[in-house]
Amino acid sequence: MDQPTDNTTFADLALRPELVEALASLGYEEPTPIQRESIPPLIAGQDLLGQAATGTGKTAAFALPMLQNLDPDNRSKNPTGLILVPTRELAMQVSEAVHKYGRALGARVLPIYGGQPIGRQLQALGRGVDVVVATPGRAVDHIKRGTIPLKDIVMVVLDEADEMLDMGFAEDLDAILGALPDTRQTVLFSATMPKRIESLARRHLTNPTTIRIEAPVVAKGDAPKVRQLAFIVPRSHKSAALGRILDVESPTAAIVFCRTRHEVDQLTETLNGRGYRAEALHGGMNQEGRDRVMARVRSGNADLLIATDVAARGLDIDHLTHVVNYDVPSAPESYVHRIGRVGRAGREGVAITLAEPREHRLLENIQRVTGDKIAIEKVPTISDLRNRRMELTLGTLRETLLDDDLDRYRSIVESLTDEFDLFDVALAAVKLTHESTTGKEDEVEIPEVEIRRSKDRKNDRPDRDGRSGRSERGERGERGDYEKKGKKGKDRSIGVDSTRLYFPIGRSSQIRPGDLVGAITGETGLAGKQIGSIEIGDKFSLVEVPEKSADDIIKAMKKTTIKGRKVVPRRERFERFER
Ligand code: AMP
């Protein structure tokens with residue numbers, strides 16, 4: 001999706017036509033680096049050990065070769081592919097992806113996780129399944145009951161293996177892998193490669209191809225001097241957030257990079273609706289269409305170019321002031337390449353990156369590789385926007401007043417002042433100007449997502465205690481449902497000696513901050529004021545508590561219920577980044 005130099009296409013990777021078509025219909029223009037590197041050895045049947053984080057496109061990197069193996073005409077009831085993932089949310093997300101990629105092949109995909117009635121899973125298995133996506137605990141349950149036939153498995157994937165080990169699934173993984181046919185192909189993806197992963201790989205992989213998606217370090221001074229900003233925004237609010245950011249930044253000309261053609265088309269429509277002159281550019285357009293767009297951008301008749309990397313490759317636009325990454329680029333070198341389009345020849349440039357909460361890790365990686373700081377900023381609020389719009393109106397009126405061509409309107413003002421106060425006439429004129437220059441008001445609140453980096457939290461205990469690690473997953477599964485509930489805008493943070501606990505209960509269970517505070521204070525003797533900010537998502541909540549009380553709270557919550565449900569929190573893993 002954003003590799004600047006390589007022109008490999010999905011078809012070049014020898015994927016079967018049904019898959020190439022599925023990818024085209026999803027608007028994917030080119031393989032990501034991890035896909036480019038992993039797909040050929042996987043299709044060739046090799047084992048693979050890959051280091052890649054969320055957001056790099058790793059799901060397709062293993063799902064496509066797995067689907068490549070499916071026989072469209074002659075399939076048995078038994079699964080041929082098994083994907084092991086740490087959490088329920090990831091199981092659902094990965095099975096959705098496999099289903100999406102394998103639709104034309106009629107791929108039958110089944111997510112299997114704890115908490116779901118086992119009967120439904122048994123029925124689906126009885127009807128026949130090609131790919132099972134399972135959490136290790138539930139997979140072991142099925143293996144013990146003999147309800148997952150494993151004898152035809154040809155490929156097994158361990159996705160986010162470091163998380164699975166962190167969550168205490170090591171023995172389950174050994175048991176599952178030990179129960180699979182020796183002939184199967186084994187793939188292991190992990191964001192980090194601690195010793196325990198290497199040893200797991202040694203036990204279960206045979207002569208694996210090793211892939212590590214990490215960019216070469218950019219030499220100091222090579223990165224352009226550009227003001228670099230990032231905004232953490234839930235997916236469902238991204239286009240609104242970008243609109244606001246652009247309103248405040250007022251770029252002369254900007255290029256906005258998106259991952260897919262669909263994203264390009266949708267965003268172009270949204271931004272045009274907001275009054276921008278935005279033009280779409282992607283690989284699905286013919287040369288004539290592209291030339292027309294570029295002519296409009298170069299002549300200044302369009303202020304925003306919304307493009308995929310492929311389409312924007314090699315383009316040089318002189319007067320660009322802003323580069324926007326609508327998603328975090330999957331590789332740091334791609335980020336460097338993109339932002340290099342501004343800030344040239346001593347001109348000022350701004351690079352803006354929108355990251356979903358779960359993509360925070362990629363952002364940290366880019367900073368580490370480039371050695372540049374990316375300032376995390378808050379999305380402009382409705383009131384910031386109003387102020388900005390008022391300034392614009394003021395500026396427009398000032399310019400008009402300096403213009404000497406006002407006399408022809410004198411008769412209108414004179415006839416109005418017979419009836420109205422002159423000041424009120426002026427106010428009405430200002431209102432009209434305001435509405436016509438700034439468009440309609442955008443009143444949707446964009447929830448604020450606050451992420452603290454690991455280095456801001458030096459005093460925190462290193463989180464390797466084996467039970468954490470789901471909040472990132474929570475957000476994966478509940479994109480766009482992230483909501484911050486502090487007390488009426490007050491900063492309720494309780495400082496650096498705090499940590500956040502992930503409670504697997506949220507708005508969909510009518511949970512309110514008071515319920516969480518009540519449960520914690522009632523069970524632990526902690527005072528309400530010792531509890532910091534509370535964020536409520538659709539299916540989970542994050543509660544900031546003093547670090548030293550975290551374990552006691554986890555223990556105490558095991559003995560009680562919230563809203564009639566047992567809700568055991570765990571430490572949030574969000575700000576734990578191995579360096
Ligand atoms: P993952 O790292 O697998 O969670 O993927 C991150 C996001 O990138 C998902 O929303 C995918 O749909 C998207 N994606 C994966 N591969 C590509 C590609 N080649 N081009 C565009 N988007 C992609």
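Scroll up for the structure.
Keep in mind that what you see is a predicted model, and the values were worked out from it rather than measured. (Residues numbered from 1 in each chain as written. Predicted model: local features only at pLDDT ≥ 70, side-chain atom pairs only at ≥ 80, totals over all residues. Heavy atoms only, no water.)

A. Highlighting the site of the ligand. Close contacts around the ligand come from 17 residues, with Tyr28, Gln35, Gly55, Gly57 and Thr59 the closest. In the environment of the ligand, an oxygen atom lies 2.5 Å from a nitrogen or oxygen atom belonging to the side chain of Tyr28. The separation between an oxygen atom of the ligand and a polar side-chain atom of Thr59 is 2.6 Å. Taken together, the residues of the shell around the ligand sort by class into four nonpolar, eight polar and five charged. Each of domain 1 (11-212) and domain 2 (226-381) accounts for three or more of the residues forming the shell around the ligand. (Near = heavy atom within 4 Å. Polar contact = N/O pair within 3.5 Å; in protein donor to acceptor, adjacent residues only side chain to side chain. Nonpolar A, V, L, I, M, F, W, Y, C, P; charged D, E, K, R; others polar. Domains from an automatic or database assignment.)

B. Here's a closer look at the pairing of strand β18 (residues 541-546). With six of six residues buried, β18 is to be regarded as a mostly interior element. Of the strand pairs in this sheet, strand β16 (residues 498-503) and β18 are connected by six bridges, and their pairing is antiparallel. Of the residues in β18, the one forming a bridge with Leu501 is Val543. Connecting strand β17 (residues 534-536) to the antiparallel partner β18 that follows it, the hairpin turn spans four residues. (Buried < 20%, exposed > 50% of the residue type's maximum accessible area, 1.4 Å probe, protein only. Helix = DSSP H or I, 4+ residues; strand = E, 2+ residues; numbered from the N terminus. Pairing = 2+ DSSP bridges.)

C. Region of the structure containing the pattern of salt bridges. Here the structure, examined in full by the defined rule, presents 30 salt bridges. Linking Arg227 and Glu249 is a salt bridge whose minimum nitrogen-to-oxygen distance equals 3.1 Å. Placement of the pair is Arg227 in strand β8 (residues 227-232) and Glu249 in helix α10 (residues 238-249), with a sequence separation of 22 residues. As a salt-bridge pair, Asp309 and Arg338 come within 2.7 Å of each other at their nearest N and O atoms. (Salt bridge = Lys/Arg side-chain N within 4 Å of Asp/Glu carboxyl O.)

D. Broad picture of the sheet that holds strand β5 (residues 155-158). In space, the seven strands of this open sheet follow the order β3-β4-β2-β5-β6-β1-β7, with parallel pairing throughout. Each end of this open sheet is capped by a strand with a single partner; those strands are β3 (109-112) and β7 (209-212). Adjacent strand axes in the sheet meet at a mean angle of 15 degrees when their direction is disregarded. With four bridges connecting them, β3 and strand β4 (residues 131-134) associate as parallel partners. Following the sheet pairing, Ile112 is matched in β4 by Ala134. (Axes fitted to C-alpha atoms, helices over the stretch in contact; angles between N-to-C directions.)

E. Seen up close, the nonpolar core. Among the nonpolar cores identified, the biggest contains 39 residues, and Leu64, Ile83 and Tyr101 are the most heavily contacted of them. Among the elements that make up this core, the one with the highest residue count is helix α3 (residues 58-68) (seven residues). The residues contacting Ile83, other than those within four sequence positions of it, are Phe62, Met66, Val94, Val98, Val131, Val132, Val133, Ala134 and Val157. (Core = buried A, V, L, I, M, F, W, Y, C linked by side-chain atoms within 4.5 Å. Contact = heavy atoms within 4.5 Å.)

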